[in-house]
Amino acid sequence: MANPNIVAVSTIYGGNMGWALSNTLTATLLTVQADKLLKINRIVCANVDGTNAADLNLYVDGMGTGTANGIAPTGASATTYLAKTISVPADASLVISDTPIYLMENDVLKGGASATGDLELFISYEVLDDA
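Requested: an account of the environment of Lys39, with residues and values cited.
With respect to the helices and strands, the residue Lys39 is situated in strand E3 (residues 36-47). The buried category is assigned to Lys39, whose relative accessible area is 19%. For the pair Lys39 and Ile12, spaced 27 residues apart in sequence, the C-alpha separation works out to 9.9 Å. If near-sequence neighbours (up to four positions away) are discounted, Lys39 is found in contact with Pro100, Ile101, Tyr102, Ser124, Tyr125, Glu126 and Leu128.

Can you lay out the packing of aromatic side chains for me, pointing to particular residues and giving the numbers?
Counted by the stated rule, this structure contains 1 aromatic pair. With a centroid separation of 4.9 Å and 45 degrees between ring planes, the pair formed by Tyr59 and Tyr81 is classed as tilted. Of this pair, Tyr59 sits in strand E4 (residues 54-61) while Tyr81 is found in strand E5 (residues 79-88), placing the two residues 22 residues apart along the sequence.

Lay out the pattern of salt bridges with the relevant residues and their values.
With the rule as written, the count across this model stands at 2 salt bridges. When the shortest N-O distance is used, the salt bridge between Asp129 and Lys36 registers 2.8 Å. Of the two residues, Asp129 sits in strand E9 (residues 119-129) while Lys36 sits in strand E3, which places them 93 residues apart along the sequence. Between Asp61 and Lys110 there is a salt bridge; the shortest N-O distance is 3.3 Å. With a gap of 49 residues between them, Asp61 in strand E4 and Lys110 in strand E8 (residues 108-113) connect regions that are remote in the sequence.

Residues and numbers for the sheet that holds strand E2 (residues 27-31), please.
Backbone hydrogen bonds are what pair the strands of a sheet, in a parallel or an antiparallel way. Reading across from one edge, E2-E8-E4-E5 is the order of the 4 strands in this open sheet, with antiparallel pairing throughout. Either end of the sheet is taken by a strand with one partner, and the two such strands are E2 and E5. Across the sheet, the mean angle separating the axes of adjacent strands is 20 degrees when strand polarity is ignored. Summarising the sheet, E4 and E5 pair through 7 bridges and their orientation is antiparallel.

Account for the side chain of Asp49, naming residues and giving values.
Counting through the fold element by element, Asp49 comes out in the loop between E3 and E4. Comment: no salt bridge for buried Asp49; closest opposite-charge side chain is Lys84, at 21 Å. A distance of 2.6 Å separates a polar atom in the side chain of Asp49 from the backbone nitrogen of Thr51. A polar contact is formed between the side chain of Asp49 and the backbone nitrogen of Asn52, at a distance of 2.9 Å. Those residues in contact with Asp49, other than ones at most four positions away along the chain, are Ala90, Asp91 and Asp118.

Describe a nonpolar patch on the surface, naming the residues involved and giving the relevant values.
Taken together, Ile6, Val7 and Tyr102 make up a surface patch of nonpolar side chains, about 310 Å² in accessible area. Topologically, Tyr102 is positioned in strand E7 (residues 101-103).

Help me get a handle on unusual backbone geometry, residues and values and all.
Although it is not a glycine, Thr85 adopts a positive phi angle of roughly 50 degrees. Counting through the fold element by element, Thr85 comes out in strand E5. Its relative accessible area of 45% is what places Thr85 among the partly exposed residues. Residue Asn106 is not a glycine yet carries a positive backbone phi of 75 degrees.

I'd like to hear about the pairing of E8, residue by residue, with values.
Within E8, 6 of the 6 residues are buried, which leaves the element mostly enclosed by the surrounding structure. Here E8 shows two buried faces, one formed by Val108, Lys110 and Gly112 and the other by Leu109, Gly111 and Ala113. Pairing between E2 and E8: 4 bridges, direction antiparallel. Paired with Thr28 across the bridge in E8 is Lys110. Across 6 bridges, E4 lies against E8 in antiparallel orientation. Within the sheet, the bridge partner assigned to Leu56 lies in E8 and is Ala113.

Reading the values: the criteria
- Residues numbered from 1 in each chain as written.
- Predicted model: local features only at pLDDT ≥ 70, side-chain atom pairs only at ≥ 80, totals over all residues.
- Heavy atoms only, no water.
- Helix = DSSP H or I, 4+ residues; strand = E, 2+ residues; numbered from the N terminus.
- Buried < 20%, exposed > 50% of the residue type's maximum accessible area, 1.4 Å probe, protein only.
- Contact = heavy atoms within 4.5 Å.
- Phe/Tyr/Trp six-rings, centres within 6.5 Å; stacked < 30°, edge-to-face > 60°.
- Salt bridge = Lys/Arg side-chain N within 4 Å of Asp/Glu carboxyl O.
- Pairing = 2+ DSSP bridges.
- Axes fitted to C-alpha atoms, helices over the stretch in contact; angles between N-to-C directions.
- Lys, Arg positive; Asp, Glu negative; His and termini not counted.
- Polar contact = N/O pair within 3.5 Å; in protein donor to acceptor, adjacent residues only side chain to side chain.
- Patch = residues over 30% accessible without salt bridge, like charges linked within 9 Å, V, L, I, M, F, W, Y side chains within 5 Å.
- Areas by Shrake-Rupley, 256 points an atom, 1.4 Å probe, with all protein chains shown as cover.

This is the structure:
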């Protein structure tokens, strides 16, 4: 199931997930499992350092492995950034996305911060399953 018919899914589970980001800018945060579609509803990044700003990198790796029915991408990148070197001020939060983003099976969300322990990432999501 690369792209499920979301009208015919068997289950939809909502949830939240959070990470304290490391300075490994390519750390794997989550991988979408087989027979699943992940709908990310909101992504928020908070800088918990009271003094210094920190930069966020956040991207999806593996895009294009599961394309939507009826869509034939041309020149699409397998790696696409949602945020690239975005500065998050000290003691502040930044909404990265508040519009839905769909990740298909085998897509991988990766990212990191310019300084370990400064940034925390929070997402709210729904897992759609047609199994």
